[in-house]
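Close look at the chain arrangement
Spelled out from the first residue to the last, the chains are:
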Amino acid sequence: MCGIVGYVGPNIDDKALTVVMEGLARLEYRGYDSAGVALINGPTVDVRKRAGKLANLQRAIQDVPMPAANTGIGHTRWATHGGPTDENAHPHYGGSDGKLAVIHNGIIENFHGLRTKLIAEGVQFRSETDTEVVAHLLARAYQEVGDLTKAMRTVVAHLDGAFTLLAVHADEPGVVVAARRNSPLVVGLGEGENFLGSDVAAFIGYTREALELDNDQIVTITADEAVVTGFDGTPAQGKSFHVDWDAEAAEKGGHASFMEKEILEQPLAVEATLLGRTDADGALVLDELRIPVEHLRSVNKIVVVACGTAFYSGMTAKYAIEHWTRIPTEVEMAHEFRYRDPVVDKRTLVVSISQSGETMDTLMAVKHARELGAQTISICNTHGATIPRESDAVLYTHAGPEIAVASTKAFTAQITACYVLGLYLAQLRGGSYADEAQQVMRELHAIPEKISQLLGQMDRVREIARFMADTRSVLFLGRHVGFPIALEGALKLKEIAYIHAEGFAAGELKHGPIALIEPGQPVFIVVPGPDTPHGLHGKVVSNIQEIRARGARTLVIAEEGDHDVEPFADEVIRVPQAPPLLEPLLTIIPLQVFACELATAKGLDVDQPRNLAKSVTVE
Ligand code: F6R
């Protein structure tokens with residue numbers, strides 16, 4: 001939540017403004033209810049900020065241009081304290097001399113007490129934000145110590161909560177100071193210029209060399225260096241890394257939306273996530289896990305923690321992981337896990353799934369699991385993010401940057417990574433599925449080609465979506481691995497098309513939800529392949545008949561060659577054949593395309609749906 005950019009470079013015209021505005025454009029997906037920028041301009045800091053999307057700020061700067069500068073900070077906001085107004089937009093001035101400005105991501109939990117105290121002491125507030133409290137505290141501290149880094153050190157000692165803070169002071173041109181606690185911040189290392197960002201997208205157009213920081217660290221950047229210290233002043237070193245994607249990967253590349261582009265990138269996302277995870281003999285090799293093999297062998301319970309789409313990927317993977325490893329596996333929403341006294345000990349393996357690696361609910365669940373003695377593995381798409389750093393081991397998905405708020409390619413990559421992990425555990429532990437692991441890997445390797453084929457036959461799905469643009473409610477049914485796919489299909493539609501959508505387990509229908517069926521009610525049904533064990537296919541076909549008999553309009557997602565569904569389907573959407581556990585990697589595709597096309601037909605901003613942000617860094 002909230003995008004943050006900082007820059008110090010050479011004195012070339014409007015370089016600072018260009019870098020900051022480009023960074024904000026790339027980070028706008030993190031929050032887009034207001035935006036602002038601050039540049040050091042002689043004896044003061046020049047601030048421009050506007051409520052609404054970045055375009056409003058861009059227009060304001062076009063109308064009244066900002067000065068040339070070599071130092072700047074910028075912010076794109078997802079409101080927490082105070083509504084999305086010009087006044088509440090960041091940056092915020094501290095003090096009254098216009099010399100110091102601050103931007104912030106996160107929440108200062110003790111802001112109320114601090115604010116009351118400052119007001120009692122005569123400080124005048126211009127906004128309702130928690131951030132302004134920090135700005136005033138920093139301005140005071142600066143007056144006392146005359147050094148922005150030292151002032152930051154003094155102030156963070158008084159703050160509770162999660163935060164990334166960036167500050168500039170007109171008396172220290174050429175310096176940006178940043179502090180982080182449980183909130184994202186990376187440093188970009190250029191030549192004669194340095195950058196700060198909520199993630200590497202902020203500066204990917206300028207450098208691919210980056211530095212990750214630990215919690216409770218302060219970094220001071222100038223054009224020539226980035227100096228890291230702990231909150232207590234102890235010298236520290238960031239961990240450098242090279243970003244393995246470029247600016248082009250974070251651009252739309254001719255597509256109408258990032259979501260459309262990312263849906264189409266799924267064959268590559270799945271393929272890249274499988275790449276390099278087997279040796280010459282086809283055995284799984286996960287050196288990167290760095291958890292002793294004996295420990296993994298002794299695991300007697302797996303708990304998957306995640307939120308939203310990532311949670312549904314975990315729900316999908318549970319079926320496969322339990323089947324292959326015979327280890328009891330629970331999947332829990334990360335925000336619920338921590339507060340219910342979970343039964344977790346050192347033989348529990350807690351697997352977190354997060355595209356951003358910054359979701360606060362998931363991060364807190366991981367920390368709690370570690371406190372309870374569990375081993376933690378992070379499945380993550382973002383290098384250098386907080387959750388993998390706080391975990392014992394990480395298995396990266398290689399989906400590339402996901403910019404659209406609605407997650408698509410990360411979802412299929414997450415399922416893939418969970419399957420790789422499940423098969424690896426099965427291989428380690430022996431048993432019948434150890435022998436089959438290589439066979440399943442071969443089947444997984446065939447999936448990207450099948451997704452490509454499927455993506456090539458989505459015209460009818462798009463037509464149906466356009467036709468349904470005025471629909472007010474859509475239901476989704478699935479069974480077994482099709483159940484989480486129904487939930488994910490409904491989530492996609494809710495979040496980008498603002499349509500009431502619900503996913504149900506098909507078997508649950510008769511226990512209540514079938515009362516919702518009335519003539520014309522559209523229902524998507526994810527049908528398991530005819531080979532699925534336990535006669536599930538036939539059971540779902542019966543469910544289709546039951547709702548059709550009550551007037552539902554049935555939109556059936558079924559395997560090629562499955563003719564049993566035809567008499568009961570108003571529409572059949574075909575997916576290539578695959579083994580039952582791998583079907584979700586295909587059946588989700590038409591549901592993603594459907595939501596994207598329907599939201600587009602409604603004229604909505606598919607990439608930046610209302611009230612949402614890509615990376616949810618508050619609890
Ligand atoms: C929905 C969506 C969200 C995220 C959730 C977790 O399309 O994107 O539900 O899946 O907020 O985010 P990450 O994976 O970054 O932890």
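Residues numbered from 1 in each chain as written. Predicted model: local features only at pLDDT ≥ 70, side-chain atom pairs only at ≥ 80, totals over all residues. Heavy atoms only, no water.

**Focus on the pattern of salt bridges**
Condition: Just to be clear on terms, a salt bridge is a Lys or Arg side-chain nitrogen sitting within 4 Å of an Asp or Glu carboxyl oxygen. Runs of H or I in DSSP of at least four residues are treated as helices and runs of E of at least two as strands, each being numbered from the N terminus. Only protein chains enter the accessibility calculation, which uses a 1.4 Å probe. A residue is then buried if its area is under 20% of the maximum for its type, exposed if over 50%, and partly exposed in between.
Going through the model one piece at a time under the given rule, you end up with 28 salt bridges. Arg462 is paired through a salt bridge with Glu597; the nearest N and O atoms lie 3.7 Å apart. Taken as a pair, Arg462 in helix 16 (residues 459-467) and Glu597 in helix 19 (residues 584-601) lie far apart in primary sequence, 135 residues in all. For Arg462, a relative accessible area of 22% puts it in the partly exposed group.

**Side note on the domain arrangement of the chain**
Rule in force here: Bear in mind that the domain bounds are from an automatic or database domain assignment. In this description, contact between two residues means that some pair of their heavy atoms is separated by no more than 4.5 Å. The term buried area denotes the loss of accessible surface (1.4 Å probe radius) that occurs when two parts are joined, taken as the sum for both partners. Polar contacts, as used here, are pairs of N or O atoms within 3.5 Å; protein pairs need one atom able to donate a hydrogen and one able to accept it. Residues neighboring in sequence count only if both atoms are side-chain atoms.
Under the domain assignment, the chain is made up of domain 1 (3-250), domain 2 (258-445) and domain 3 (459-601). Between the C-alpha centres of domain 2 and domain 3 the distance comes to 26 Å. On the side of domain 3, 21 residues touch domain 2, which itself brings 24 residues to the contact. Of all residues in domain 2, the largest losses of buried area upon contact with domain 3 belong to Met259, Tyr312 and Tyr319, amounting jointly to 28% of the total for that side. Inspection of the region where domain 2 meets domain 3 yields zero salt bridges. Put simply, domain 2 and domain 3 have six residue pairs in polar contact (both at pLDDT 80 or more) between them.

**A look at helix 3 (residues 111-120)**
Going by this rule: In this context, the arc is that of the directions from the helix axis out to the C-beta atoms.
Residues of helix 3 that are buried include every one of Phe111, Leu114, Arg115 and Leu118, and no others. Viewed along the axis of helix 3, the buried residues span an arc of 100 degrees, placing them on a single side of the element. More than 90 degrees from the buried face of helix 3, the exposed residues found are His112, Lys117 and Ala120. Close packing links the buried residues of helix 3 with strand 6 (100-108) and helix 4 (131-145). Of the residues one or two after helix 3, Gly122 is the one with positive phi, at around 100 degrees.

**Some thoughts on the sheet that holds strand 21 (residues 473-478)**
Stated precisely, the cut-off is as follows: What makes two strands pair is DSSP finding at least two bridges between them. Lines fitted to C-alpha atoms define the axes here, with helix axes fitted over just the stretch in contact, and angles between the N-to-C directions of these axes take values from 0 to 180 degrees.
One open sheet accounts for five strands, arranged 22-21-23-24-25; its pairing is parallel. This sheet does not close on itself; its edge strands, each paired only once, are strand 22 (500-505) and strand 25 (571-575). Across the sheet, the axes of successive neighbouring strands diverge by a mean angle of 20 degrees, strand direction being ignored. Summarising the sheet, strand 24 (residues 553-559) and strand 25 pair through five bridges and their orientation is parallel. The partner of Glu559 across the bridge, within strand 25, is Val575. Strands strand 21, strand 23 (522-526) and strand 24 of the sheet are contacted by helix 18 (residues 536-548), whose axis makes an angle of about 175 degrees with strand 23.

**Remarks on the site of the ligand**
Where we set the bar: The nearness test applies per residue and asks whether one of its heavy atoms lies within 4 Å of the molecule or strand. Site definitions follow a grid-based scheme: protein atoms alone, a 1 Å grid, a 1.4 Å probe that fits but cannot get out for cavities, and for pockets an open set with protein on both sides within 12 Å along at least five of seven lines, plus lining residues having an atom within 4 Å of a point. By definition, a pocket or cavity contains a molecule when more than half of the molecule's atoms lie within 2 Å of the pocket's grid points. Gly is placed with the polar residues, together with every amino acid not listed as nonpolar (Ala, Val, Leu, Ile, Met, Phe, Trp, Tyr, Cys and Pro) or charged (Asp, Glu, Lys and Arg).
In the vicinity of the ligand, 13 residues are found, and the nearest of them are Ser354, Gln355, Ser356, Thr359 and Glu495. Separating an oxygen atom of the ligand from a backbone N or O atom of Thr309 is a distance of 3.1 Å. One nitrogen or oxygen atom from the main chain of Val405 is found 3.2 Å from an oxygen atom belonging to the ligand. Given that more than half its atoms are within 2 Å of the pocket grid, the ligand belongs to the second largest pocket. For the shell around the ligand, a count of residues per class yields four nonpolar, seven polar and two charged.

**Description of the packing of aromatic side chains**
What counts is decided by this rule: Pairs were defined over the aromatic rings of Phe, Tyr and Trp, the Trp ring being its six-membered one, requiring ring centres within 6.5 Å. Orientation was assigned from the angle between planes: stacked under 30 degrees, edge-to-face over 60, tilted for the rest. We call a charge positioned over a ring when the NZ of a Lys or the CZ of an Arg lies within 6 Å of the ring centre and within 35 degrees of the ring normal.
One pass over the full model with this rule turns up eight aromatic pairs. Between the aromatic rings of Phe163 and Phe231, the centroid separation amounts to 6.2 Å while the plane-to-plane angle is 5 degrees, which identifies the pairing as stacked. Here Phe231 lies in the loop between strand 13 (226-230) and strand 14 (235-236) and Phe163 lies in strand 7 (residues 161-169), a separation of 68 residues in the sequence. Of the residues examined, Phe163 reaches a relative accessible area of 0% and is grouped as buried. With relative accessibility at 13%, the residue Phe231 sits in the buried group. Geometrically, the ring pair formed by Trp324 and Tyr419 is edge-to-face, given 5.3 Å between the ring centres and 80 degrees between the ring planes. Separated by 95 residues along the polypeptide, Trp324 in helix 9 (residues 308-325) and Tyr419 in helix 13 (residues 409-429) bring together distant segments of the chain. You'll find Trp324 and Tyr419 in the same group, each marked buried. Three or more aromatic residues joined by ring pairs form one cluster here, namely Tyr7, Phe195, Phe203 and Tyr206. Sitting above the plane of the Tyr32 ring, Lys53 keeps its charged end 5.1 Å from the centroid. Positioned above the aromatic ring of Tyr498 is the side chain of Arg610, whose terminal nitrogen or guanidinium carbon lies 3.9 Å from the ring centre.

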